[in-house]
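Examination of the molecular architecture
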Amino acid sequence: MNKNTGLSHLIEQFLNAQVAEFDAAENTILAYKHDIGHYANWLAKKNYSFLKADQTQITEYIIYCSDVGLASSTRARRLSALKKIYSFGYDEGWCKINPAIKISGPKKNKTLPKTLTTAEVSKLLEVSANVGRTSNDRKRNHCMMHLLYATGMRVTELVSLPASAVRGDPNMILIKGKGNKERMVPLTSISRTLMSEWLLIRDGMDTLNRKKTGSTSKFLFLSNSSKGYLTRHRFYKLVKEIALNSNIAPNKVSPHTLRHAFATHLLGNGADLRTIQTLLGHTDISTTEIYTHVLDERLKSLVFNHHPLSKM
């Protein structure tokens, strides 16, 4: 390896390889970049070398992360990023050994996903029709909330959905998920209606933009953002606003909470895990099995709160 090659260039090589070889998603790449950058800055303050770091120094960094109060899930993610880049570095000949290979990560605390009752979701969907500065905004917000709950999409999948995926009033839509893996999800009748209504508005907006700027957008929820569609952050704030207007605690509601609600409500109404796994786009069914525990906890709560003997 050229000694004059900067560390930032090495990290960039690693990130590029994750995209090229493993089809890593943009959010994954951003997480790697952030976590490895944090580690590199810590090494620099300690006058340690990135390529000459040993197991002791990496363990010291993980302990430091614990001391400053980072959650075990965050520490585990950071160690995972270090294992990957050092493995890559060893294969590329940057370093003589992989110093992270034998380090065990912190155990992740198993927490049940937050979810919502069907009544709470119904309220959110109802109120979403009245949240927004303009009539078009309100139509868009109403459509997005219904689509999110009807399909269980990840928020990135929702905001970046191409308009071509929903043309022709389909009963099912094709979603491109993590790692560009595709899956089909069915639509409810109301989500199809709202989507068709929004598509007419969206096409009108796109035509107007083309006349003004000469450019057009391929996205269903187009915007003036750098990506060309409504950002995840903006939609996250919209969901919080809708929760507030629904008299539901905003800290209880997020786009991901609605994805959890989609899965939990399906399971509670008799859907099998394999079907839910397919609809959510989970690679491993063990990820989907967490929803059985959510139902178990709810059943326990019902017994403890309503069984006559529980009061004795």
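First things first, this report covers the structure right here in the doc. Bear in mind that the values here come from a model prediction, so they are computed numbers and not experimental data.

Thresholds applied
- Residues numbered from 1 in each chain as written.
- Predicted model: local features only at pLDDT ≥ 70, side-chain atom pairs only at ≥ 80, totals over all residues.
- Heavy atoms only, no water.
- Buried < 20%, exposed > 50% of the residue type's maximum accessible area, 1.4 Å probe, protein only.
- Helix = DSSP H or I, 4+ residues; strand = E, 2+ residues; numbered from the N terminus.
- Pairing = 2+ DSSP bridges.
- Contact = heavy atoms within 4.5 Å.
- Salt bridge = Lys/Arg side-chain N within 4 Å of Asp/Glu carboxyl O.
- Expected span 1.5 Å × (residues − 1).
- Axes fitted to C-alpha atoms, helices over the stretch in contact; angles between N-to-C directions.
- Parallel < 35°, antiparallel > 145°, perpendicular 65-115°, else oblique.
- Left-handed = near helix turned anticlockwise from the far one by under 90°.
- Nonpolar A, V, L, I, M, F, W, Y, C, P; charged D, E, K, R; others polar.

Examining the pairing of strand β2 (residues 182-186)
Alternating positions in β2 separate cleanly, Arg-183 and Val-185 being buried on one face and Glu-182, Met-184 and Pro-186 remaining unburied on the opposite face. Two strands pair when backbone bridges link them, and strand β1 (residues 172-176) and β2 are joined in this way by five bridges, in the antiparallel orientation. Among the inter-strand pairings, Lys-176 is bridged to a residue of β2, identified as Glu-182. Connecting the antiparallel pair β1 and β2 is a turn made up of five residues, with Gly-179 showing a positive phi of about 65°.

Focus: the side chain of His-146
Looking at the secondary structure, you find His-146 in helix α6 (residues 135-151). Excluding its chain neighbours within four sequence positions, the residues that come into contact with His-146 are Leu-125, Ile-190, Ser-191 and Leu-194.

Focus: the pattern of salt bridges
As enumerated under the stated definition, the model contains 14 salt bridges in all. With a shortest N-O distance of 2.6 Å, Glu-157 and Arg-154 are connected by a salt bridge. Here Glu-157 and Arg-154 have matching classes, each one buried. Here the salt bridges share partners, and the residues they tie into one network are Arg-167, Arg-202, Asp-203 and Asp-206.

Concerning helix α8 (residues 189-213)
Look at α8: 35 Å from first C-alpha to last across 25 residues, which is about the 36 Å you get at 1.5 Å a residue. In the core, the buried residues of α8 are packed alongside α6. Just downstream of α8 lies Gly-214, where phi reads positive at about 80°.

Here's the deal with the packing of helix α3 (residues 55-67) against helix α4 (residues 72-92)
Their axes nearest at 10 Å, the elements α3 and α4 cross at an angle of 160°. Regarding the angle of α3 to α4, the classification is roughly antiparallel. In this structure, α3 meets α4 at a crossing whose hand is right-handed. Within the contact between the two elements, α3 uses Ile-58, Tyr-61, Ile-62, Cys-65 and Ser-66 and α4 uses Arg-75, Arg-78, Leu-79, Leu-82 and Tyr-86. When its residues are assigned to classes, the contact of α3 with α4 shows seven nonpolar, one polar and two charged.

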